[in-house]
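# Per-entry structural report
Residue strings, one per chain:
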Amino acid sequence: MTEKVHNETTNSIVKIDAYGLSHRELNAKLREAVSNGTQKIELRNVYGQRYIGTDLNKSVEIEIFGVPGNDLGAFMDRPRIIVRGNAQDGCGNTMNSGEIIIHGHAGDIIGLSARGGKIFVRDDVGYRAGIHMKEYQDKKPVLVIGGTAQDFFGEYMAGGVVILLGLNLKEGEHHKARFIGTGMHGGVIYMRGSVESYQLGKEVGIAELEEKDYQTLKELVGEFASYFGYDAEEILKQKFSKLFPRWLRPYGRHYAY
Amino acid sequence: MKTYLPPKFIVERDAERCIQCQVCVNQCSFDTHYYDAEEDAVRSREGRCVGCHRCVVFCPTNALTVRANPLDYRENYNWRPEVIEDIIKQAETGGVLLTGMGNDKGYRVYWDHLVLNASQVTNPSIDPLREPMELATYLGSKPDKVEIDPKTLSLKTELAPQVKIEVPVMFAAMSYGAVSLNVHESLARAATEAGTLWNTGEGGLHPSLYKYGAHTIVQVASGRFGVHQEYLDAAAVVEIKIGQGAKPGIGGHLPGEKVSAEVSMTRMIPKGTDALSPFPHHDIYSIEDLAQLVHALKEATNYAKPIAVKIAAVHNSAAIASGMVRAGADIIVLDGLRGSTGAAPKIIRDNVGIPIEMALASVDSRMRQEGIRNQASLVVSGGIRNSGDVAKAIALGADAVYIGTAALVALGCTVCQQCHTGKCAWGICTTDLALTKRINPDIGARRLANLLRGWSLELKDILGGMGVNALESLRGNRLHLRGVGLTDTELEILGVRMAGN
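The residue count restarts for each chain, going from 1 along the sequence in the order it is written. Chains and ligands are labelled by the order in which they are written, letters from A for the one and numbers from 1 for the other. Since the coordinates come from a predicted model, pLDDT governs what is reported: local features require at least 70, and pairs of side-chain atoms require 80 or more to be given and counted, while whole-chain, interface and lining totals use all residues.

## A look at the overall build of chain B
Counted only if it meets this: Runs of H or I in DSSP of at least four residues are treated as helices and runs of E of at least two as strands, each being numbered from the N terminus. Only the C-alpha atoms count toward the radius of gyration. The rule for a globule is 2.2 Å times the residue count to the power 0.38. The burial criterion counts other C-beta atoms lying within 10 Å of a residue's C-beta, which is placed from the backbone; the residue is buried at 20 or more, exposed at 12 or fewer, and partly exposed between these limits.
Assigned secondary structure in chain B consists of 16 helices and 21 strands. Taking 2.2 N^0.38 as the reference for a compact globule, 501 residues should give roughly 23 Å; the C-alpha atoms of chain B span a radius of gyration of 24 Å, in line with that estimate. Projecting the C-alpha coordinates of chain B onto the three principal axes gives extents of approximately 90 × 55 × 45 Å. Counting over 501 residues, chain B shows a buried share of 51%.

Shown next, in the form of structure tokens:
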């Protein structure tokens, strides 16, 4: 059921109750709402419906109450999605632009092959987060994770910025991910707190931050903090490590011609 | 390190014919020919020659002959020259051997052991010159049954999206970056003229080619290069590439040298960086995951286009294909052992996968047994050489075929297998701007459209000879095939009888 309520000052908000709707039915409703020029959509009772935000291609804010299914924002271009809950696997898959803000955890391969847009996750993410993110000219995907990540974090990265904050780690606890940045050949990863060399893929180098890195962090961590009610300055006080690809062509010597 | 590799070819220059014009010097992108200013003579360095015959064709006085270097090693069936030379190459580089084009080994070509039927006396053949002959094919999922509204006599069943092709031959996926933009334009224009489809491969679609979108299949592969909303919207069909016959299970590395400014634009990666396509899609580890991507693309294109899924033909293709249909694939593409490539590890190309004829027959049989053959169209590729192979593939159960190498040969390719070097002297498999000019899209499109026209006419002759007037009557009709020189097991898998039986 779709009901339209008018907010006195802003554009109309479309409320959609997703209960019992298949992903196809739900996305058809979203398409319809967006094609009518709706600026804000509120989705209630979302129970794992996939592909929310795909094929909308307009600036629209979608606030999701519940748990959106896999491939949230897949191939997404422009919408802004706020999840009041956890997201599942494949969030931001091949995303082009837009924003996804998750007030909770997210599953595996978040940001897979994303080329643009921003993803903010308050808590933890699963395996292979940020895998094969890439960038092109002004398009540079951003993934900021408040908690920690599993193995193969930043695998195959070809571009973009990934930040791992570890805010939920206890005193003395450190990130447990291994094979971080395996196959990385572009982009940059910032990790708050220490990371041991055995946790890194062999294509990854580790460096001290420079001034421009701090600027990037200030901007993106500031944005992260503003969404989830953190104090950015407090977060930035702790030491960060910068991970970078040691070679732009990791497999240049792989072949015999 | 001095190389122990002997020259593969001998270049002979007829001194009486050679006019020292240096056309060969300019045409050879492998630096075989050179002008010796001191002696005022054109000469050749034989070790560089790859046997592509560009110089031979363009020599205005026919002064050049290129022939294989006889290489009289002591005869040994096991330690053949190729085996020895591969070891030498690896001893000198320590790398994975790379190669281009399809498997060149002597695996049985089953097309050459299948023969087609014709009408004699008991049923009349049909002359396609004087009677209509239907080659049109619709690609897409077909319903289990159709319902007609008895009042209006219109179709009540909602049909899945269908794409019509006028000839059951499409151009296989070859990415921009592997081949040049002029090749892409030639393929796109020829496909448009012939009413068929061409395939972008995984490298994006150049903005100048969006106008051919109605005849374009866009590919979504593990690297997701150049995939965005406009790209998906532009196409007639979206193809998920899981695998490729030349390198089943293997990803792709487009070396940074090939990522020019233009290639960087369509792939949407920085210039000069390697474009690495991972081995698997990291969002597909199961049939259920495949279903997820199929439906993600259906959502992204609002259910308006068929979604194809391409796999390399491997041992369990039949079971995998069944899963693909259940995952929602509208078109299944099988690429066989002889499928070609712009670059693949030689050891993979030459040893992994199964012949397309066997894969096609087993997949078609399996889908029929399970009652799901109608739910997806079946397209095959990997070594289709002529319209005879096309007709046999259709009779074995294919809806259509893809041609890659045959199309490139139409453009000038002589299958010299140097695609991976990026130096193609015929200007096909290169992004070197000086070389890519060698393909003129006006002429390229003409040559390709001519090839398709020739094959269409031949297919009509084949159908007419059989006494049928539509390709649909041949499709999956294995009674029109007989085997020659095959074992019982081979015949059983192919589902055809022995000739004479």
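The discussion continues.
## As for the overall build of chain A
In terms of helices and strands, chain A carries three helices and 13 strands. For 257 residues, the compact-globule estimate of 2.2 N^0.38 gives 18 Å, and chain A sits close to it at 19 Å. Along the longest, intermediate and shortest principal axes, the C-alpha atoms of chain A span 55 × 50 × 30 Å. Taken across its 257 residues, chain A has 51% of its residues classed as buried.

## As for helix H1 (residues 23-35) of chain A
Let me state the cut-off plainly: What a helix should span is 1.5 Å times the count of its residues minus one. Once C-beta atoms are placed from the backbone, any two residues with those atoms within 7 Å are in contact.
In this model, H1(A) (13 residues) spans 18 Å end to end at C-alpha, consistent with the 18 Å of a helix rising 1.5 Å per residue. Of the surrounding elements, those touching the buried residues of H1(A) are strand E2 (13-17) and strand E3 (40-47) of chain A together with helix H7 (287-300) of chain B. Note on H1(A): the residue one or two positions beyond its end, A:Gly37, has a positive phi of about 85°.

## Focus: the packing of helix H11 (residues 387-396) of chain B against helix H14 (residues 441-466) of chain B
Helix packing for two helices is described by the angle between their axes and how far apart those axes are. Residue and element names in this part refer to chain B. Under the convention used in this document: Axis definition: a line fitted to C-alpha atoms, limited for helices to the stretch in contact. Angles are taken between N-to-C directions and run from 0 to 180 degrees. Should an angle lie under 35 degrees it is considered roughly parallel, over 145 roughly antiparallel, and from 65 to 115 roughly perpendicular; all remaining angles are considered oblique. Definitions for this section: a left-handed crossing has its near helix turned counterclockwise from the far helix by less than a right angle. A right-handed crossing has that turn clockwise. Residues are grouped as follows: Ala, Val, Leu, Ile, Met, Phe, Trp, Tyr, Cys and Pro are nonpolar; Asp, Glu, Lys and Arg are charged; all remaining types, including Gly, are polar.
For the pair H11 and H14, the least separation of the axes is 9 Å and the interaxial angle reads 55°. In terms of orientation, H11 lies oblique with respect to H14. Handedness of the H11/H14 crossing: right-handed. Taken together, the residues of H14 that come into contact with H11 (itself represented by Ser387, Val390 and Ala391) are Trp455, Glu458, Leu459 and Ile462. Tallied by class, residues from the contact of H11 with H14 come to five nonpolar, one polar and one charged.

## Considerations on the sheet that holds strand E6 (residues 114-116) of chain B
Residues and elements named next belong to chain B. Basically, it comes down to this: Strands are treated as partners if at least two bridges between them are detected by DSSP.
With mixed pairing, the three strands of this open sheet are ordered in space as E6-E20-E21. If you trace the sheet from one side to the other, it starts and ends with E6 and strand E21 (497-498), each paired once. Relative to strand E20 (residues 481-483), E6 runs antiparallel, the two being bridged by three bridges. Considered in E20, the bridge of Leu116 is made with Leu481.

## Some points on the nonpolar core
All names here are of chain B. What counts here: Joining buried Ala, Val, Leu, Ile, Met, Phe, Trp, Tyr and Cys residues through C-beta atoms within 7 Å gives a set, and that set is a nonpolar core. What fixes the domain bounds is an automatic or database domain assignment.
Val309, Ala329, Ile332 and Val401 are the most contacted members of the largest nonpolar core, which totals 217 residues. Top contributing element to this core by residue count: H14, with nine residues. Counting contributing residues per domain, this core is built from domain 1 (9-95) and domain 2 (137-144 + 167-498), each supplying no fewer than three. What Ala329 contacts, discounting residues up to four positions off in sequence, is Val294, Ile307, Ala308, Val309, Met324 and Ala376.

## Digging into the domain arrangement of chain B
Residue and element names in this part refer to chain B. By domain assignment, chain B separates into domain 1 (9-95) and domain 2 (137-144 + 167-498). The centre of domain 1, based on its C-alpha atoms, is set 33 Å off from the matching centre of domain 2. At the junction of the two partners, domain 1 supplies nine residues and domain 2 supplies eight residues. A class-by-class count of the residues in the side of domain 1 that touches domain 2 yields four nonpolar, four polar and one charged.

## Topic: H14(B)
Residues spaced three or four apart along an α-helix point in a common direction, a consequence of the helix completing one turn every 3.6 residues. The end-to-end C-alpha separation of H14(B) is 37 Å, in line with the 38 Å expected for 26 residues at 1.5 Å each. Two residues or fewer after H14(B) comes B:Gly467, characterised by a positive phi angle close to 85°.

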